Amino acid sequence: MTFGVPEGVVGLAGPPGAGKSTLLATFATLRRPNAGALHILGHDITNAAGQRAARAAIGYLPARFARADHMTAGEFVEYAAYYKRTSVSAARSVARRLDLAEAARTELALLPPDVRLRAGLAAACVHEPDVVLLDDPFGELCAAAEPWPTGPTGPAGPGGHTLTAAMAELVPVLRSLAPTVIVTADATETLTGWCDRLLTLARGRLTEQPTHSAAARRGRAAAARRGADVPDPRAAVPQAILASDRRPAPPRRRAARRTLSDVSFPRLTLPRLVRRPPARSATGV
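The rules we used
- Residues numbered from 1 in each chain as written.
- Predicted model: local features only at pLDDT ≥ 70, side-chain atom pairs only at ≥ 80, totals over all residues.
- Heavy atoms only, no water.
- Helix = DSSP H or I, 4+ residues; strand = E, 2+ residues; numbered from the N terminus.
- Contact = heavy atoms within 4.5 Å.
- Areas by Shrake-Rupley, 256 points an atom, 1.4 Å probe, with all protein chains shown as cover.
- 1 Å grid on protein atoms, 1.4 Å probe; cavity = no way out; pocket = protein on both sides within 12 Å on 5 of 7 lines; lining within 4 Å.
- Points joined across faces, edges and corners; volume = space filled by probe spheres on them.
- Buried < 20%, exposed > 50% of the residue type's maximum accessible area, 1.4 Å probe, protein only.
- Axes fitted to C-alpha atoms, helices over the stretch in contact; angles between N-to-C directions.
- Parallel < 35°, antiparallel > 145°, perpendicular 65-115°, else oblique.
- Left-handed = near helix turned anticlockwise from the far one by under 90°.
- Salt bridge = Lys/Arg side-chain N within 4 Å of Asp/Glu carboxyl O.
- Patch = residues over 30% accessible without salt bridge, like charges linked within 9 Å, V, L, I, M, F, W, Y side chains within 5 Å.
- Pairing = 2+ DSSP bridges.
- Arc of directions from axis to C-beta.
- pLDDT = per-residue confidence, 0-100.

Comments concerning the overall build of the protein chain
From N to C terminus, the protein chain includes 9 helices and 10 strands. Restricting to contacts in the protein chain with at least 6 residues of sequence separation, those with at least 24 account for 69%. As displayed, the protein chain has an accessible area near 14300 Å², and 54% of this comes from carbon and sulfur atoms.

Structure representation (structure tokens):
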């Protein structure tokens, strides 16, 4: 497959086993394409220097992320800050921004799934990345909503209402994490209505779907996706992504870090993955 990812929230849906996790792991530089090329923020990951530079600007949260249950939410985020060579104050700042102040002293195992997901998001974004990769972040929420022991499952049951309410609170949080966010899900309906771009992956075919998103039709400023406060999803968003190829510098950024507007290959396109079938192969990817 060959495609580019611009600024915005990009949803990738597909059945289990379609290759969504493998694709995100490749974007996170944990896997290397056996054919083709991958450029992230203008960095070629085939060389060590480009790979280190790309990893410094990536936030990655795998599906059902591993955690130490005896750790509190605050300790978990602070450990991620230590691992990513940033300060404790930055960890506490992102914890406050994701509304984790009250849960900071609670063990992860005792937290509800939506709050535990916020802790994972804070750990993945503690270094203020330019690209955030979220592999099925709503999977644990969906598993917690089905089956529901006291009533029918599905959107009409209490489990469905709980899931809908949790997602309504989390969607603005996901949109505010970084200028570019890639999120996957098994069902297209989970991503419909709030992603700027929606793709489906099935049997090696990548297809773009209508998003039915008002934010996608209006456009959305990249600088508005990151700030001290989570944006109101009902607020009007200016058309700024495609109107200008240089976005305002987001707050609390280190001056030495490259931004999307500094990338010369190709502008507003990341990551670019080219996969070709091997010789004498009838399938390929």
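With respect to the layout of surface pockets
When its volume is computed, the largest pocket comes out at roughly 950 Å³. In terms of lining residues, the largest pocket is bounded by 24 residues, among which Arg 55, Ile 58, Tyr 83, Lys 84 and His 127 are the most central. Among the elements of the structure, helix H2 (48–56), strand S5 (58–61), helix H3 (73–83) and helix H5 (113–124) are those that each provide at least two residues to the lining of the largest pocket. Looking at which element gives the most residues to the lining of the largest pocket, the answer is H3, with 4 residues.

Some thoughts on helix H1 (residues 20–27)
Most of H1 is tucked away: 6 of the 8 residues are buried. The set of residues buried in H1 consists of Lys 20, Leu 23, Leu 24, Ala 25, Thr 26 and Phe 27. Count one or two residues on from H1 and you reach Thr 29, which has phi positive near 70°.

Structural notes on the packing of H3 against H5
At their nearest, the axes of H3 and H5 sit 8 Å apart, and the two run at 20° to each other. Here H5 runs roughly parallel to H3, going by the angle between their axes. H3 and H5 meet at a crossing whose hand is right-handed. Between H3 and H5, the contacting residues are Ala 73, Phe 76, Val 77 and Ala 80 on the first element and Ala 119, Gly 120, Ala 122 and Ala 123 on the second.

Description of the pattern of salt bridges
The full count for this structure, using the stated rule, is 6 salt bridges. A salt bridge links Asp 196 to Arg 175, with the nearest nitrogen and oxygen atoms 3.0 Å apart. Of this pair, Asp 196 sits in the loop between helix H8 (188–191) and strand S8 (197–202) while Arg 175 is found in helix H7 (residues 158–175), placing the two residues 21 residues apart along the sequence. A salt bridge links Arg 197 to Glu 208, with the shortest nitrogen-to-oxygen separation between them at 3.2 Å. Of this pair, Arg 197 sits in strand S8 while Glu 208 is found in strand S9 (residues 205–209), placing the two residues 11 residues apart along the sequence. Classification of Glu 208 as partly exposed rests on a relative accessible area of 48%.

So, a nonpolar patch on the surface
A contiguous nonpolar patch, built from Tyr 79, Tyr 82 and Tyr 83 and spanning about 470 Å² of accessible area, is present on the exposed surface. Among the secondary structure elements, Tyr 83 is positioned in helix H3.

What about unusual backbone geometry?
Most peptide bonds take the trans configuration, and most residues that are not glycine carry a negative phi. Backbone geometry places Thr 29, a non-glycine residue, at a positive phi of 70°. By secondary structure assignment, the location of Thr 29 is in the loop between H1 and strand S3 (38–40). One non-glycine residue, Asp 99, lies in the positive phi region at around 60°. Here Asp 99 shows up in the loop between helix H4 (88–97) and H5.

Brief notes about the sheet that holds S9
In space, the 6 strands of this open sheet follow the order S5-S6-S7-S2-S8-S9, with mixed pairing throughout. Every interior strand has two partners, whereas the edge strands, S5 and S9, have only one. Strand-to-strand twist in this sheet, taken as the mean axis angle between neighbours without regard to direction, amounts to 20°. In this fold H1 packs onto strand S2 (8–13), S5, strand S6 (131–134), strand S7 (180–185) and S8, with an angle of close to 155° to the strand it touches most, S7.

Topic: H3
Taken together, the buried positions of H3 are Ala 73, Gly 74, Phe 76, Val 77, Ala 80 and Ala 81. Looking straight down H3, one finds that the buried residues subtend no more than 165° of arc, so they occupy a single side. Turned more than 90 degrees away from the buried face of H3, the exposed residues are Tyr 82 and Tyr 83. Phi turns positive one or two residues past the end of H3, at Arg 85, with a value near 60°.

Examining the confidence of the model for the protein chain
The predicted coordinates ought not to be read in detail in places where the model reports low pLDDT. Per-residue pLDDT for the protein chain averages 74, and the proportion of residues at 70 or more is 67%. Averaged pLDDT values for the elements of the protein chain fall to 42 in strand S10 (residues 272–274) and rise to 96 in S6. Predicted confidence is poor over residues 148–158, with pLDDT under 50, and the contacts of this stretch with residues over four places away or in other chains come to 15 contacts. Residue range residues 217–285 is modelled with pLDDT below 50. Its contacts to residues more than four positions away, or to other chains, number 142 contacts.

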